[in-house]
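Chain residues, written in single-letter form:
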Amino acid sequence: MNAPKFTTLGCRLNAYETEAMKELSQQAGLENAVVVNTCAVTAEAVRKARQEIRRLRRENPDANIIVTGCAAQTEPATFSAMDEVDKVIGNTEKMQAGTWRAMAKGPNFIGATEKVQVDDIMSVTETAGHLIDGFGTRSRAYVQVQNGCDHRCTFCIIPYGRGNSRSVPAGVVVDQIKRLVDKGYNEVVLTGVDLTSWGADLPATPKMGDLVMRILKLVPDLPRLRISSIDSIEVDDNLMQAIATEPRLMPHLHLSLQHGDDLILKRMKRRHLRDDAIRFTEDASRLRPEMTYGADIIAGFPTESDAHFENSLKLVKDCNLTWLHVFPYSKRDGTPAAKIPSQVSGTVIKERAARLRAAGEAQVQAHLKAQVGKTHRILMENPHMGRTEQFTEVRFKTPQIEGQIVTTAATGIDGIQLTA
């Protein structure tokens, strides 16, 4: 059997869903296909998706090319108009076994179904978080607990690709994590589009902190639980309690901050202000002194002045951010921000993004220096590289057992890694 090839662009949730699609396509018996799971977070992401599709067509001239993911959901006409594309399926359809069975019929599935199968994502009320038991390395598994977003930030197209927020029930999540621990995983990462909105659509409207406490209580053999990106303004009391009292909850949080100036945050339609972000990191660090932070920050949002940008730059130190994801602002058709007349020039955006990245690199070096000589519990991702509880990479000269947690002191720094 000529099994389908898969290419994943974008976030961890896309990577999770690719693993689910592999199983669904295998069960359906789909052959001779290339599946591209796209990202729509920026205009550049869509451009890269089109570029990747053209490359894959050159390399696989006889295969059927299926395009799915957020860009396919938000711009189905863009991809269906490409000569290289045989099929466009939406984010809901890609998680349904029936979609793959229909495409697997006959030697050429194109005649079996419409070229474009993309329904209204806003009508979806459930998420398919139970399709696979995590994915990742043999040491770390990612578990989807939430999908979609109820917020409408002015720069963001993702709600139109993912739909409104839907939560996986706590019991389903706990059972999945138990199975992963039984399989030998030492760390589980909770993933979602807007993770801290988890529970709002469930009976009794539990909060993210309730889920974290429940996992840690009901899965006592799980060594490490990690949370991916969160919105700090949505953090509840139980999550703060877990940060303070649960050593198995990893001291690393990636924050969706986006900017450091109040006026720009309001124009982005964010729900927090600069002082809220600073207060959160101060409170979390007081409860857990070893806590480290990553953050998403956008450079060059429309109307951003030099003074506005300087507030973002200062936020890196004010919040003691270490791992920065810097996004040069990219105009997305269909978003309110694209209609703002005062767009920042591309040259200025590029320069500001470079300055933010340089500030982030300086923070990484300061963090690494502070870790040398300290003892760390390091989860090995491969024989020569593992990560500390703070998600810092550590390089080993002597091979270790993949998947094991090794306790040792950091001996030095090599680039952006510790050595041990």
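Each remark here, short or long, concerns the structure printed above.
Everything numeric in this text was worked out from a predicted model, so none of it was measured.

Caption draft 1: Here's a closer look at the overall build of the protein. Within the protein one finds 13 helices and 19 strands. Since a compact globule built from 420 residues should have a radius of gyration of about 22 Å, the 22 Å found for the protein is in line with a globular shape. For the C-alpha atoms alone, the extent of the protein along its principal axes is close to 60 × 55 × 50 Å. Out of the 420 residues in the protein, the part that is buried amounts to 55%. Accessible surface, the protein as shown: approximately 18,000 Å² in total, 50% of it carbon and sulfur. Here the protein carries 53 positive and 51 negative side-chain charges, and the mean point of each set is 3 Å from the other.

Caption draft 2: Broad picture of the environment of D236. Among the structural elements, D236 can be located in the loop between β10 (224-227) and α9 (237-245). Apart from residues lying up to four places away in sequence, D236 is in contact with K207, M208, G209 and D210. Separated by 3.1 Å, the side chain of D236 and the backbone nitrogen of N238 make a polar contact.

Caption draft 3: Representation of the nonpolar core. Among the nonpolar cores identified, the biggest contains 56 residues, and I177, L190, V212 and I215 are the most heavily contacted of them. Among all residues touching V212, those that are not within four sequence positions of it are L190, L225, I227, L239, A242 and L249. By size, the runner-up hydrophobic cluster in this structure holds 19 residues, among which are V34, V67, F79 and M82.

Caption draft 4: Layout of the sheet that holds strand β14 (residues 375-382). Strand order in this open sheet of six strands is β17-β14-β15-β16-β19-β18, and the pairing throughout is mixed. Across the chains shown, the open sheet's two edge strands, defined by having one partner strand only, are β17 (405-409) and β18 (412-414). Neighbour-to-neighbour, the strand axes of the sheet open up by a mean angle of 45°, direction not taken into account. With two bridges joining them, strand β16 (residues 393-395) and strand β19 (residues 417-419) adopt parallel strand pairing. Bridge pairing in β19 links R395 to T419.

Caption draft 5: Main features of the sheet that holds strand β9 (residues 187-191). Strand order in the open sheet made by the three strands is β6-β9-β10, with parallel pairing throughout. Among the strands making up the open sheet, the edge pair consists of β6 (140-144) and β10. Each strand axis lies, on average, 25° off the axis of its neighbour in the sheet, ignoring direction. Relative to β9, β6 runs parallel, the two sharing five bridges. By the bridge assignment for β9, Q144 is matched with T191.

Caption draft 6: Up close: the pattern of salt bridges. Applying the stated criterion across every chain yields a total of 26 salt bridges. A salt bridge links K22 to E19, with the shortest nitrogen-to-oxygen separation between them at 3.3 Å. Taken together, the residues span about one helical turn, with K22 and E19 both in helix α1 (residues 12-28) at a distance of three residues. For K22, a relative accessible area of 35% corresponds to the partly exposed category.

Caption draft 7: Spotlight on the environment of V181. Its location among the elements puts V181 in helix α7 (residues 170-182). Remark: the alpha-carbon pair of V181 and D221, spanning 40 residues in sequence, is separated by 7.1 Å. With residues up to four places along the chain from it excluded, the contact list for V181 reads V219, D221 and L222.

Caption draft 8: Seen up close, unusual backbone geometry. In the Ramachandran plot, N32 falls in the positive-phi region, its phi being about 50° despite a non-glycine side chain. Mapped onto the elements, N32 comes out in the loop between α1 and β2 (33-38). Relative accessible area serves as the criterion here: at 28%, N32 is assigned to the partly exposed category. Even without a glycine there, the phi angle at K269 is positive, about 65°. Looking at where K269 falls in the secondary structure, it is placed in the loop between α10 (262-267) and α11 (274-287). What makes K269 exposed here is its relative accessible area of 53%.

Caption draft 9: Fine view of the packing of α7 against helix α8 (residues 208-218). At a minimum axis separation of 10 Å, α7 and α8 run at an interaxial angle of 40°. Classified by the angle their axes make, α7 and α8 are oblique. Here α7 and α8 pass one another in a crossing that is right-handed. Residue-level contacts link A170, G171, V173, V174, I177 and K178 of α7 to L211, R214, I215 and L218 of α8. Here the contact of α7 with α8 is composed, by residue class, of seven nonpolar, one polar and two charged.

Caption draft 10: Looking closely at the packing of α9 against α11. Contact geometry of α9 with α11 gives a least axis separation of 8 Å together with a crossing angle of 40°. As judged from the angle between their axes, α9 and α11 are oblique. When α9 is examined against α11, the residues M240, I243 and A244 are found in contact with a partner set consisting of F280, D283, A284 and L287. Residues belonging to the contact of α9 with α11 are distributed by class as follows: six nonpolar, no polar and one charged.

Caption draft 11: Fine view of α1. With 17 residues, α1 extends 24 Å from end C-alpha to end C-alpha; this agrees with the ideal 24 Å at 1.5 Å per step. Listed in full, the buried residues belonging to α1 are L13, N14, A15, Y16, E17, T18, A20, M21, L24 and S25. Following α1 by one or two positions, G29 adopts a phi angle in the positive range, close to 80°.

Caption draft 12: Up close: the side chain of T196. Tracing the backbone shows T196 in the loop between β9 and α8. Polar contacts involving the side chain of T196 include one to the side chain of E234, which spans 2.8 Å. With residues near it in sequence (within four places) discarded, T196 still touches M208, I230, D231, E234 and V235.

Thresholds applied
- Starting from 1, residues in each chain are numbered consecutively following that chain's sequence as written.
- It should be noted that, the model being predicted, local features are given only for residues of pLDDT at least 70 and side-chain atom pairs only at 80 or more, the latter also being counted only at that level, while totals for whole chains, interfaces and linings use all residues.
- Hydrogens are left out, water is left out, and the side-chain values use all remaining heavy atoms of the structure.
- Helical segments are the DSSP runs of H or I of at least four residues, strand segments are the runs of E of at least two, and each set is numbered from the N terminus.
- Atoms counted for the radius of gyration: C-alpha only. Globule rule: 2.2 Å times residue count to the power 0.38.
- The buried label goes to any residue with under 20% of its type's maximum accessible area, the exposed label to any with over 50%, and the partly exposed label to all in between, with areas taken from a 1.4 Å probe on protein chains only.
- Exposure was quantified through the Shrake-Rupley algorithm and a 1.4 Å probe, taking into account, for residues, occlusion by the shown protein chains and nothing else.
- We score Asp and Glu as negative and Lys and Arg as positive, and we do not count His or the chain ends.
- Note that the charge is assigned to NZ on lysines, CZ on arginines, CG on aspartates and CD on glutamates.
- Only heavy atoms enter the contact rule, under which two residues are in contact if any of them lie within 4.5 Å.
- Polar contacts, as used here, are pairs of N or O atoms within 3.5 Å; protein pairs need one atom able to donate a hydrogen and one able to accept it. Residues neighboring in sequence count only if both atoms are side-chain atoms.
- By nonpolar core is meant a set of buried Ala, Val, Leu, Ile, Met, Phe, Trp, Tyr and Cys residues that side-chain atoms within 4.5 Å join together.
- Should DSSP find at least two bridges between two strands, the strands are regarded as paired.
- Every angle, taken between N-to-C directions, lies between 0 and 180 degrees, and every axis is a line fitted to C-alpha atoms, over only the stretch in contact when it is a helix.
- The term salt bridge refers to a side-chain nitrogen of Lys or Arg lying within 4 Å of a carboxyl oxygen of Asp or Glu.
- Here is the rule for angles: anything less than 35 degrees is roughly parallel, anything more than 145 is roughly antiparallel, 65 through 115 is roughly perpendicular, and the remaining ranges are oblique.
- Whether a crossing is left-handed or right-handed is set by the direction in which the near helix is turned from the far one by less than a right angle, anticlockwise for left-handed and clockwise for right-handed.
- Residues were grouped as follows: Ala, Val, Leu, Ile, Met, Phe, Trp, Tyr, Cys and Pro as nonpolar; Asp, Glu, Lys and Arg as charged; and all remaining residues, including Gly, as polar.
- Given the number of residues in a helix, its expected span is that number minus one, multiplied by 1.5 Å.

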